[in-house]
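# Coordinates in review
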Amino acid sequence: MPDKITIAVSKGRIYDEAMPLLAKLDIVPLDDPNKTRKLVLETNQPHIRLLVIRATDVPTYVERGAAELGISGKDVLMEYNGDDLYEPIDLGIAKCRMMLAGLKDAKPITGRPRVVTKYTNITKNYFAELGQQVEIIKLYGSMELGPVLGLSDWIVDLVDTGNTLKANGLVTLEHIADISSRLVVNKAAMKMKNATIKPILDQLSEIVGK
Ligand code: AMP
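Predicted model, so just to flag it, every value in this text is computed and none were measured.

## Structural notes on helix H1 (residues 13–24)
For an α-helix, the turn length of 3.6 residues means that residues three or four places apart are oriented alike. For H1, the set of buried residues is Ile-14, Tyr-15, Ala-18, Met-19, Leu-21 and Leu-22. Check the buried side of H1 and you find it contacts strand S1 (5–10), strand S2 (40–42), strand S3 (48–53), strand S4 (69–73), strand S11 (181–186) and helix H8 (194–208). One or two residues past the end of H1 sits Asp-26, with phi positive at roughly 60°.

## Quick word on the packing of aromatic side chains
The final tally for this structure, using the stated rule, is 2 aromatic pairs. Plain terms: the ring middles of Tyr-126 and Phe-127 are 5.0 Å apart, the flat faces sit at 80° to each other, and that makes the pair edge-to-face. When sorted by exposure, Tyr-126 lands in the same class as Phe-127, which is buried. When the ring of Phe-127 is compared with that of Trp-154, the centres are 5.9 Å apart and the planes differ by 10°; the resulting orientation is stacked. Placement of the pair is Phe-127 in helix H4 (residues 120–130) and Trp-154 in strand S9 (residues 154–159), with a sequence separation of 27 residues. For the residue pair Phe-127 and Trp-154, the accessibility class agrees, reading buried in each case. Among the aromatic side chains, those forming a connected cluster through ring pairs are Tyr-126, Phe-127 and Trp-154. A cation sits over an aromatic face here: Lys-187 above Tyr-86, 5.4 Å from the ring centre.

## Let's talk about unusual backbone geometry
With a phi close to 60°, Asn-81 is a non-glycine residue in the positive phi region. With respect to the helices and strands, the residue Asn-81 is situated in the loop between helix H3 (74–80) and strand S5 (85–90). Phi is positive for Ala-94, which is not a glycine, with a value near 50°. In this fold, Ala-94 is placed in the loop between S5 and strand S6 (96–103). Residue classification places Ala-94 among the buried residues on the basis of a relative accessible area of 10%.

## Section: the domain arrangement of the protein
Segmenting the protein into domains produces domain 1 (5–94 + 180–208) and domain 2 (96–178). The gap between the C-alpha centroids of domain 1 and domain 2 is 30 Å. Facing the 9 residues of domain 1 at the interface are 12 residues of domain 2. Each partner contributes to the roughly 750 Å² buried at the junction of domain 1 and domain 2, and carbon and sulfur atoms together form 45% of this total. Interface area lost by domain 1 to domain 2 is led by Asp-75, Met-78 and Glu-79, which between them contribute 66%. Across the pair Arg-13 and Asp-160 runs a salt bridge whose closest N-O atoms are separated by 3.4 Å.

## Regarding the site of the ligand
Taken together, Arg-13, Ala-94, Cys-96, Glu-144, Asp-157, Leu-158, Val-159, Asp-160, Thr-161, Gly-162, Asn-163 and Thr-164 are the residues near the ligand. Within the backbone of Asp-160, a nitrogen or oxygen atom sits 2.8 Å from an oxygen atom of the ligand. Here an oxygen atom of the ligand sits 2.5 Å away from a polar atom, N or O, in the side chain of Thr-164. Contact with the protein chains covers 70% of the free accessible surface of the ligand, which is 490 Å². Only S9 and helix H6 (163–167) provide two or more residues apiece to the shell around the ligand. The dominant element in the shell around the ligand, judged by the number of residues it contributes, is S9, at 3 residues. Among the residues making up the shell around the ligand, the classes are represented as 4 nonpolar, 4 polar and 4 charged.

## Notes on the pairing of S6
Residues in a regular strand project their side chains so that they alternate between the two faces of the sheet. Most of S6 sits inside the fold, with 6 of its 8 residues counted as buried. Pairing geometry for S6 and strand S10 (residues 170–179), over 8 bridges, is antiparallel. Note on S10: the bridge partner recorded for Leu-103 is Leu-170. In this sheet, S9 lies alongside S6 in antiparallel orientation, the contact comprising 6 bridges.

Rules of the game
Residues numbered from 1 in each chain as written. Predicted model: local features only at pLDDT ≥ 70, side-chain atom pairs only at ≥ 80, totals over all residues. Heavy atoms only, no water. Buried < 20%, exposed > 50% of the residue type's maximum accessible area, 1.4 Å probe, protein only. Helix = DSSP H or I, 4+ residues; strand = E, 2+ residues; numbered from the N terminus. Contact = heavy atoms within 4.5 Å. Phe/Tyr/Trp six-rings, centres within 6.5 Å; stacked < 30°, edge-to-face > 60°. Lys NZ or Arg CZ within 6 Å of the ring centre and 35° of its normal. Domains from an automatic or database assignment. Buried area = accessible area lost by both parts, 1.4 Å probe. Salt bridge = Lys/Arg side-chain N within 4 Å of Asp/Glu carboxyl O. Near = heavy atom within 4 Å. Polar contact = N/O pair within 3.5 Å; in protein donor to acceptor, adjacent residues only side chain to side chain. Areas by Shrake-Rupley, 256 points an atom, 1.4 Å probe, with all protein chains shown as cover. Nonpolar A, V, L, I, M, F, W, Y, C, P; charged D, E, K, R; others polar. Pairing = 2+ DSSP bridges.

Here it is, written out as C-alpha cells:
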C-alpha cells in the first residue's frame, strides 16, 4: 500500500503550469479548481490528493506536515525562510525575476531611500548584504503605485514581461533573484514516507531534466 500523500499547490499560474508536469507522472486531479469550490482535490491516484491554496500558505502546510509535498514560487520560499523544508527540485515553471525598480525620471534621493514591497524579508536581506540603509514599507498589492504617488522611491516586486512597470512609468534598477517554482518536501515525511515520495521526486527530476 502506498503512503497517503497530500500535495499543496499555489493557486493560479503555478497550478496551471504544474498540472501538466504532474500529468506526466499520471497524477491528474478529478476536479478543476476553477469550476469547483472544493479546496481538497482527489486525483486519479487514490493515495494522492491536492490542496489548492494561497501561494504564501504552501510552505506553512508543508513545513508543519499537513502536506507532504508542495509546489511553491521561490519568491514565497525566500520570504518564508523555513527550516523544515527540503527544496530538492527546481520545476522551471512560472519563471520571472525579483527586481528593484524606480521611476524612469526619478529625482535624486535625499536621505534613506524608501522601498515599498510585499517581500519585506527579501528586501531587508538584499539591502543588508549591500550594507545600505533603507526604509521598507509593506504593501499587499499594486506596489507600482508607491513611487508614482510619492509613497516611496523604489519598489521590490516580481517582473515577468516588464509591461506592468512600463505602464506605470517605472524601470528596473537591479536584479535581485531569478524566480521559478520549486518542489518542497516535509523533512519528516521524506524519511517516513520515502518509499512513496522518492519515486515521485525521481520522476519529476527526470521530467524537468535535473
Ligand atoms: P509583467 O507585467 O509581465 O512584468 O508582470 C508583473 C506582474 O505580474 C507583477 O504584478 C507581478 O507581481 C506579477 N507576476 C509576474 N510573474 C509572476 C510569477 N511568476 N508569479 C507571481 N506573480 C507574478
